[in-house]
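Summary of structural features
So the chains spell out like this:
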Amino acid sequence: MTARPSPVRQTNRRLRVVAGGRNLKPTLGTWAIFSSVAILLFFALILSRVALDKPALELSELRSQIQTEQDRYQQLRLEVAELQAPSRVLERAADLGLVYPSDVEVVVADGVGDPAPTDGDRFAEVKSILTAAP
Amino acid sequence: MARRNAGRLSTRVVIIASIVILSWVGVGFRLFQLQIVQASNYEQRGVEQREKVKVLAADRGTIYDRDGRELAITVQGKTIGADTTLVQDPAKMAKLIAATLGIDEANVLAVLQSDHRWVTIARQVDEERAQLVENLEITGIYTYPEAMRVYPEGTLAAQVLGFVDPDGNGLEGLEFQYNTQLTGIPGEVRFEQDRNGNIIPQGLYEVEPATPGSDLVTTIDRDIQYIAERACQETLVRNKAERCTAVVLDPATGEILAMATVPSFDPNNRSESSQDDWTNWAVLGAYEPGSTEKLITIAGAIESKMVAPGTVFEVPDTLEVVKGSCAKQTTSSGVQINGCYHDAERHPTESLTVRDIVTRSSNVGTILVQKLLGNARLADYIEAFGLGQKTGADVPGESPGALNLDPTCPSCFASAAIGYAVSVTPLQMAAAYGAIANDGVWVQPHLVKDLVDGSGVHQPITPQTRQVVSQSTAKIMQALLQNVIQSPEGTGHNAQVDGYTAAGKTGTARKYVPGEGYTDNYVVSFIGMAPASNPQVVVGVVVDSPQIGESGGRVAAPAFSEIMEETLHRLGVPPDAS
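Rules and cut-offs
Residues numbered from 1 in each chain as written. Chains lettered and ligands numbered in written order. Predicted model: local features only at pLDDT ≥ 70, side-chain atom pairs only at ≥ 80, totals over all residues. Helix = DSSP H or I, 4+ residues; strand = E, 2+ residues; numbered from the N terminus. Rg over C-alpha atoms; globule rule 2.2 N^0.38 Å. Buried ≥ 20, exposed ≤ 12 C-beta atoms within 10 Å, placed from the backbone. Contact = placed C-beta atoms within 7 Å. Core = buried A, V, L, I, M, F, W, Y, C linked by C-beta atoms within 7 Å. Domains from an automatic or database assignment. Pairing = 2+ DSSP bridges. Axes fitted to C-alpha atoms, helices over the stretch in contact; angles between N-to-C directions. pLDDT = per-residue confidence, 0-100. Nonpolar A, V, L, I, M, F, W, Y, C, P; charged D, E, K, R; others polar. Parallel < 35°, antiparallel > 145°, perpendicular 65-115°, else oblique. Left-handed = near helix turned anticlockwise from the far one by under 90°.

**What to know about the overall build of chain B**
Scanning chain B from terminus to terminus reveals 19 helices and 23 strands. In terms of C-alpha radius of gyration, chain B reaches 36 Å, well past the compact-globule figure of 25 Å for 578 residues. Of all 578 residues assigned to chain B, the portion counted as buried reaches 46%. Partitioning the contacts of chain B with sequence separation of at least 6, the portion at a separation of at least 24 is 71%.

Set out below in structure tokens:
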């Protein structure tokens, strides 16, 4: 029997043995920090979402408010029109004791514009036309 | 033994692994089915569940009077509905709701007891009454907003404005005529909602805004319209008439300041009115005008230089145009013979000038003038003044009237000369008098002066015009018509207007009923203008079948006077007479 040399196990030079491997396990403090950060991130995410949603909600509310105000405006227009209706005004005037004048008197202020022609003047003009021959 | 156990374990592992693998394959297959094969289908279903499209109704345009006062307006009303499966004790609830809304209890009960789950109890109820129903807090009764058309002036100009159906489609009047322009184009809003129907913030929200309908600016003056309607109502009561129609026109522009028909109706609550009341008789009610038509005959003769105001005619009391017509009025078979004409009041043959003929409204004298004018020319002038054809006013269903001017008819032209054998509408006659008031220029009467779309762009309406007679003829006619009112012999004495000179003509005609012929009822009218020195307003009043007073001078002239006086005051026209 011929003795053969035992094969040499090639070692990975990149790996090395270090002492105190147990110390690398995450400690409670690490977990606490990690959890806190995760929770903070979670809340930050919620906050950002809320911050983004808030204007949208406000916008929606504003739209609804605009519609309400527009409806109110239309209602007020209607109310004004109803209040100004001649039939209503006349009724109210009658309730207040206002009456139509029985006679209308035409007063021509001196020196203001041309004096209005009288019936006589007007009829004279008419007569001249009526008596014209063909 | 150990080897046999190891073999069993291996079999179990294989079976379990196979089950797990098959499960995963199944899951994978299902996922492939859902995510790849049917992906678009599920995506679509998801979108359908989430996304909603709501139609945004376009606001119907407002109808204004000439001064921008609302005559028809759209406001938000509420519709009251019910889920019949939730309503307890329908009889009791129907009583409560009916009492609150002021509607028929039986109808409400019938609706609540119907087989349908979702029912409508009342559409377009005003906010106040809807609130009262909401306050009742009845389970199963709900309200939702719905636009409603309101006419704040009630009966005012009802036939002119017309009305819409509950879905906002115009059915009568301007609402019908301008329905397309008033309606606008609906828009839509597309949004995402959660399972409770709430809009998802940050979700899709796209709005395509509705284009509101155009606003209509009418030529109607609300106050003058009221004046005309009130005067007509008083005339109706005073004279126990069937109907009264009044038209107030600006002759220079053709703008209709008022168009009244009484009896009227309230478009806000038209269920209590008859269809007859909805009719705008000013444009649909063709009638034989009687003596108001003489304006055309005389104006035509003067314009054609056939006569002058001073031309004298020997006017008998009776004129037989068709031989034998005065001896008997009907044939042996009962057919009416036309062709015998006489004046309203008996008189011996006398010399009358054209002025006298107009002033006294002599039928025989006018027919003598027509004989000089000739049939063809009379037909031309009738056409030129716009009779027998639609005026083109922007109202639906306008009647053109009718002309019976057959050249072979022996009496038709004589009849037409005094306002028979033709039928006209009050608006046609007002426009014809408007031509005289406007120095011979006929202007198309119209009700709408402007359309304003949602962007504020105006579309003003331009009426047609045509010269009918010369200015001098028009002036002569104005003077002749003034004489009708001013002269003690004139038939229009009751048409005098305090503070103003006025000119006009009475009309009295027996009412013709198809199938019955001429009845004992009359259609009486007065059409005139003021101030006579410079006419700015034309008023036409037509009264159908008055039981008290049977002439235009007695029945229609006082209404003319009242409308004209208040209209001139309203327009600020300075008085021209003491």
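**Some remarks on the nonpolar core**
Residue and element names in this part refer to chain B. Core analysis: the largest hydrophobic core is formed by 132 residues, its most contacted members being Ala246, Val248 and Ile563. Counting residues domain by domain, this core receives three or more from each of domain 1 (55-218) and domain 2 (222-266 + 280-571). Not counting residues within four places of it along the chain, the set of residues in contact with Ala246 comprises Ala228, Ala231, Cys232, Ala258, Ala260, Val539, Gly540, Val541, Ala559 and Ile563. Ranked by size, the runner-up nonpolar core spans 13 residues in total, among them Ala94, Ala122, Val125 and Val133.

**Concerning the sheet that holds strand 7 (residues 205-208) of chain B**
Residue and element names in this part refer to chain B. Ordered in space as 1-6-7, the three strands form an open sheet in which the pairing is antiparallel. Whereas interior strands pair on both sides, the edge strands pair on one side only; in this sheet they are strand 1 (51-56) and strand 7. This sheet shows a mean twist of 10 degrees between the axes of neighbouring strands, independent of strand direction. Pairing geometry for strand 1 and strand 6 (residues 187-192), over six bridges, is antiparallel. Bridge pairing in strand 6 places Leu56 opposite Gly187.

**Thoughts on the pairing of strand 6 of chain B**
In the sheet, strand 6 of chain B pairs with strand 7 of chain B via four bridges, with the strands oriented antiparallel. Considered in strand 7 of chain B, the bridge of Phe191 of chain B is made with Tyr205 of chain B.

**Observations concerning the confidence of the model for chain B**
Of all residues in chain B, 97% attain a pLDDT of 70 or more, and the chain-wide mean is 90. Predicted as a complex, the structure gets a pTM of 0.81 and an ipTM equal to 0.74.

**What about the domain arrangement of chain B?**
All names here are of chain B. Domain annotation for chain B reports domain 1 (55-218) and domain 2 (222-266 + 280-571). Averaged C-alpha coordinates put domain 1 and domain 2 at centres separated by 45 Å. Listed by partner, the interface residues are 23 residues for domain 1 and 21 residues for domain 2. Listed by contribution, the elements that provide at least two residues to the side of domain 1 that touches domain 2 are helix 6 (158-161), helix 7 (173-177) and strand 8 (215-218). Partitioned by chemical class, the residues of the side of domain 1 that touches domain 2 number nine nonpolar, nine polar and five charged.

**Structural notes on the packing of helix 3 (residues 90-101) of chain B against helix 4 (residues 105-112) of chain B**
Residue and element names in this part refer to chain B. It is at 8 Å that the axes of helix 3 and helix 4 come closest, and there the two elements cross at 135 degrees. Here helix 3 lies oblique to helix 4, going by the angle between them. Between helix 3 and helix 4 the crossing geometry is right-handed. For the pair helix 3 and helix 4, the contacting residues are Pro90, Ala91, Met93, Ala94, Lys95, Ile97 and Ala98 in the first and Glu105, Val108, Leu109 and Leu112 in the second. Tallied by class, residues from the contact of helix 3 with helix 4 come to nine nonpolar, no polar and two charged.

**Topic: the pairing of strand 11 (residues 312-315) of chain B**
Residues and elements named next belong to chain B. Only one face of strand 11 is buried: it carries Phe313 and Val315, and the other face, with Val312 and Glu314, is open. Here strand 11 runs beside strand 14 (residues 350-353); their pairing, made up of four bridges, is antiparallel. Counterpart to Val312 in the pairing with strand 14 is Thr353.

**As for the sheet that holds strand 22 (residues 517-530) of chain B**
The strands that make up a sheet pair up through hydrogen bonds in the backbone, lying either parallel or antiparallel. Residues and elements named next belong to chain B. Read from one edge to the other, the open sheet built from five strands follows the order 10-9-23-22-21, with strand pairing classed as antiparallel. Each having just a single partner strand, strand 10 (256-262) and strand 21 (503-513) make up the two edges of the open sheet. With direction set aside, neighbouring strand axes in the sheet form an average angle of 10 degrees. Pairing geometry for strand 21 and strand 22, over ten bridges, is antiparallel. If you follow Arg510 over to strand 22, its bridge partner there is Tyr522. The strands that helix 17 (residues 426-437) touches are strand 9 (243-249), strand 22 and strand 23 (537-544); relative to strand 23, the one it contacts most, it runs at about 150 degrees.

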